[in-house]
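Residue-level listing of the chains:
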Amino acid sequence: MILSTLCYGEAQTYINFSEKDGLPSNHVYRITQDVDGYIWIATDEGLVKYNGTTFKVFTTKNGLPTNDIWNIFPGNNGKLWYIAKSSSLGYIENDQVHNFYHDKKNIMDPIYTGFDGDSMIPSGTRNSYYLDKDNQWKSAVYYKSTGLFPIAYLNNCTYKGILATDYDQGQKQIKIIDRNRVVHSLKDSLSYFRNEFRGQLTDSLFFTNSKTSYACINLNNLEYHQKTFQETLGIPVLNFGRVHLANNRLQLTGQDIVSFLNKDLIPEQITRIPEHLNSHFSFIDKENTVWIATFSHGIYKYVKNEDRLGKLIENKKINDIKTEGNRTIAMVDGKGFYTINTDNQSITPLLKTDDYLYDVSFIKETNSFYFLSKNYITSLNKHNQKGKIKIPFKRNEIARSLTYHQGKLYGHFTTGINQLNIENLQIEQFYILPGARCETSFKNQLIAGYSNGLMNIQNGQLSVIPNLKEFDKPVVDLKKIDDNWLLVCTAGFGVYVTDLKEMYLLENSEFLNANNPFYENGNLYLPTNKGLFHYKREKKKFTLVQVWDQSNGVPAQKINGVERINDSLYVATNEGLLLLPLDYGSSQSLMNLNIQHISYAGNELSTQKEIEFKHNGDLQVVIDHIDFREQSNFSYDYRLIPTKNNWTTTSSANIRFSDLAPDEYNLEIRSEGIHKSYSFTVVPRWYQTWWFYVFCGLGMIGLVVTITRFFSKKSQEKKNQELKQSQQLSDLQLKALRSQMNPHFVFNSLNAIQYYINENDFETSDTYLVKFSRLIREFFELSKEQLIPVEREILLLKNYLDLEKLRFKSKFEYEIITDEYLDTSDHLPSMLLQPLVENAVNHGIFNRMTNGLIQIEFKKKSQLNLVVIIKDNGRGYQFTKEDDRYKSSSVLQDRLKYFKNAGKWEIHIKRSNAYADPEFPGHQVTLSLKKINS
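Residues numbered from 1 in each chain as written. Predicted model: local features only at pLDDT ≥ 70, side-chain atom pairs only at ≥ 80, totals over all residues. Heavy atoms only, no water.

With antiparallel pairing, four strands are arranged side by side in an open sheet as S51-S52-S53-S54. At either end of the open sheet lies a strand with only one pairing partner, and these are strand S51 (518–520) and strand S54 (541–548). Across the sheet, the axes of successive neighbouring strands diverge by a mean angle of 20°, strand direction being ignored. (Pairing = 2+ DSSP bridges. Helix = DSSP H or I, 4+ residues; strand = E, 2+ residues; numbered from the N terminus. Axes fitted to C-alpha atoms, helices over the stretch in contact; angles between N-to-C directions.)

Structure below.
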């Protein structure tokens, strides 16, 4: 008994789109496709753009002259021209309507409009129109003689229009006029004039058709070709017939039919539309999908590639399909087990039952089939003899599948695993395993899958597999790949491969429900709840090759089982049993990916590449895609260089980037091999430009330099002022010290004079007084000077020592020695040596009982360096703070400090014993003078 035979075409799925889906009206005139891939639909309530997801409607609100749009023509330049009965016509470009009026605002009735690929040529019964340089439609007048009347204006470099003769028994002769107004006759151009359509379709082809025939004029060679529908389609009349151009291919369409036209104008790849759809116009898009227009039900979509799919069983759930023994068996839910003849694709019942079906197993050791269902187990031996296995329970709790292992049969049921007698399937041993779902023989063990992982039965013991203790996923099926590897299918956690030592997940199988896999020669076909997955195996690695699901033409998403026979896959689904060619692939894919809208800080970027920076300026992008697959689950990657160099994946149509700084940017999007990019520049404002930064940098540097110089100058002026004040103070102090020294000497001298007067030595006192007065006068003169020549200093010292010698009654002698290299015109500080010489006299020689000696030596060390040595042979260099010599020395130290502060002299003083005599070691003062500033 034959249940069914293979039926192609019955698997065809026509998907309807109507007002409930977003069309403005179910009354559809035309459908076409533009260069980007969008489907355009002309209705009596507006023009529609469709990307596979959204219907975007254009109406008079968007600028159309009327909502009743008859015809549409996609240009190679991206423009979509529209036709209506109106005083204005135009096109849509980048979703903007461009509408142009007739120069006299006349109503145009362009029912025979032509198109040359870029420009539209509206034509009516008698009139044609062209768009002039001022974007106004004007009437095209190209012939006014009698006997011929114009049919259509041509947009051609050689010929200007098509003419026709007056009626001749319902027929007419077609002629053509060139741009020099010469009329050319066409051979065999006698045609019925009651045209359904006529018009130019390319720059060199003009078509016309009636209900019974269609004809073409080649404008390159003026050849005329005519075909009847009877000879090309096998039908005498084609209602609504017309030839049109879509995606650079000629197509012939009409009521319930569409096809391509080859170079000989012969229809090929003919698609006949079911009559109940009531189609009047259809076209085939770039992906070989047929789009069908109706006047009352909107449009239909039919994927022609689905013709390659066959359905062996329709509208029945197929639990699984298996090749066991030499038979291919399908488990039809509610019907039973059926045999499939893969030679003629016939279906024959093997075991009818309405019982719930578990499995079918062939045990080669018994050469028998076992059909397992909810309440029964039926065997079928090699002689096709059926037998019922005795069930000791109300329902089948013996086995839901059977596995041969080491001379015994094993089967699982709800609460565990049964070990069965191979002859009569009686239970010999029971292993408790709640949630048991499957079992198989592998590596001398019986591996059992249950709701919490894997167990094994070995040597009569049920135990955990040592290396797989951590694996706790719900296992629903096991498939032995070879002697070393086992496939493990789970419920909702993907598919794994294991050798019982290690386990790894198949790529892209995460969270899948998988069951009843098929493996052969390195090819794994995996039925899942998300389609049929095909993997290729290399050693232990499985690589995903393809997925068949609803997005690429398979009518079912959930796959229950699969079997590969020759070059076809037999696929069990809830909708029936499919026959799927191995090379089957959808003709549909992601067609295009576009940046539909891009703006920065609310300003459109689509028409400009540069935009000025704005604070808190966000980049907002709207992504559009064209994808006519059902359930395509579209997603794409995007990045914005240089802000975001890594790719981000999203399915949202909207992208936003916040606070873009001035820079050059490149937005990139990609999906399924399509890559698009858009470059733009956020131009810095004047205060963000490099020259502004350079200017500010230079300004800051200049400001810093100016401020630094200002404060440096102020600081230097302050230092100079302080130095000047210090010098002035030092000068005053030096003068004050000189003033202090003069009274000291005066006091001593007056004492000497008093002494001589008291001694009544008036001559000596008179001599002393004369010398004293001269010396005092010289002191007063020198007190006004800071520097004096060396020769004057020597003269001053001689005068002073002579006076002191007189006071001490020639108690001492003195010597003044000068270096031969000494220039006595050189200067030194005034009144510097006299206190030291005075100390030598008063505190050195004064305490000596015998005559003393004072030596003063001047040595020239260098151009700026002078050394003066003053020594006496007195009692030596010993004094306290009470001693007058200490006070004199303190005054001298102050003078030296002030000289240094004045910044002109560096003076060092050194004291030591002059001689080795312990009683009178004497005192030597070495004074080193170095001139700093001249």
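Back to the text.
Below, the discussion takes up the packing of aromatic side chains. In total, this model carries 32 aromatic pairs according to the counting rule given. Here tyrosine 50 and tryptophan 291 contribute two aromatic rings whose centre-to-centre distance is 6.1 Å and whose plane-to-plane angle is 80°, an arrangement assigned as edge-to-face. Here tyrosine 50, found in strand S5 (residues 46–50), pairs with tryptophan 291, found in strand S28 (residues 289–294); they are 241 residues apart in sequence, far enough to count as distant. The pair formed by tyrosine 50 and tryptophan 291 is uniform in burial state, with each residue classed as buried. Each ring, one from phenylalanine 518 and one from tyrosine 525, has its centre 6.3 Å from the other, and the planes form 45°; the classification is tilted. Among the residues examined, phenylalanine 518 registers a relative accessible area of 8% and is labelled buried. When its relative accessible area of 2% is taken as the criterion, tyrosine 525 is described as buried. (Phe/Tyr/Trp six-rings, centres within 6.5 Å; stacked < 30°, edge-to-face > 60°. Buried < 20%, exposed > 50% of the residue type's maximum accessible area, 1.4 Å probe, protein only.)

In this section: the pattern of salt bridges. Taken as a whole and judged by the stated rule, the model has 17 salt bridges. Of the charged contacts in the structure, one is a salt bridge between aspartate 132 and lysine 138, with a shortest N-O distance of 3.5 Å. On the basis of relative accessible area, lysine 138 is assigned to the partly exposed category, the value being 28%. A salt bridge links lysine 805 to glutamate 813; the nearest nitrogen and oxygen atoms lie 2.9 Å apart. The structure contains a network of salt bridges with shared partners spanning Lys322, Glu324 and Asp359. (Salt bridge = Lys/Arg side-chain N within 4 Å of Asp/Glu carboxyl O.)

Before going further, it helps to spend a moment on the UniProt feature "transmembrane region" (unreviewed entry) in the protein chain. UniProt marks residues 690–711 with the feature "transmembrane region" (unreviewed entry), using the numbering shown here. For residues 690–711, the end-to-end C-alpha separation is 31 Å, with 100% helix and 0% strand making up the annotated structure. (UniProt positions renumbered as here; feature names shortened; annotations may be inferred.)

Below, the discussion takes up the sheet that holds strand S71 (residues 865–872). Taken together, five strands build an open sheet; the order of strands is S68-S70-S71-S73-S72 and the sheet is mixed. Because the sheet does not close on itself, it has two edges, and the strands there are strand S68 (812–818) and strand S72 (905–912). Neighbour-to-neighbour, the strand axes of this sheet turn through a mean angle of 10°, independent of strand direction. Relative to strand S73 (residues 923–931), S71 runs antiparallel, the two being bridged by eight bridges. By the bridge assignment for S73, isoleucine 870 is matched with valine 925. With respect to the sheet, helix H4 (residues 790–807) is in contact with S68, strand S70 (852–860) and S71, its orientation differing from that of S68 by roughly 175°. (Contact = heavy atoms within 4.5 Å.)

As a further point, take the packing of H4 against helix H5 (residues 834–845). Helix packing for two helices is described by the angle between their axes and how far apart those axes are. The interhelical angle for the contact between H4 and H5, taken along N-to-C directions, is 20°, at an axis separation of 11 Å. Here H4 is positioned roughly parallel relative to H5, judged by the angle of their axes. In the crossing of H4 with H5, the sense of the turn from one axis to the other is right-handed. Contacts between H4 and H5 involve Glu793, Leu797, Tyr800, Leu801, Glu804 and Arg807 from the first element and Gln834, Val837, Glu838, Val841 and Asn842 from the second. Here the contact of H4 with H5 is built from residues that sort into five nonpolar, two polar and four charged. (Parallel < 35°, antiparallel > 145°, perpendicular 65-115°, else oblique. Left-handed = near helix turned anticlockwise from the far one by under 90°. Nonpolar A, V, L, I, M, F, W, Y, C, P; charged D, E, K, R; others polar.)

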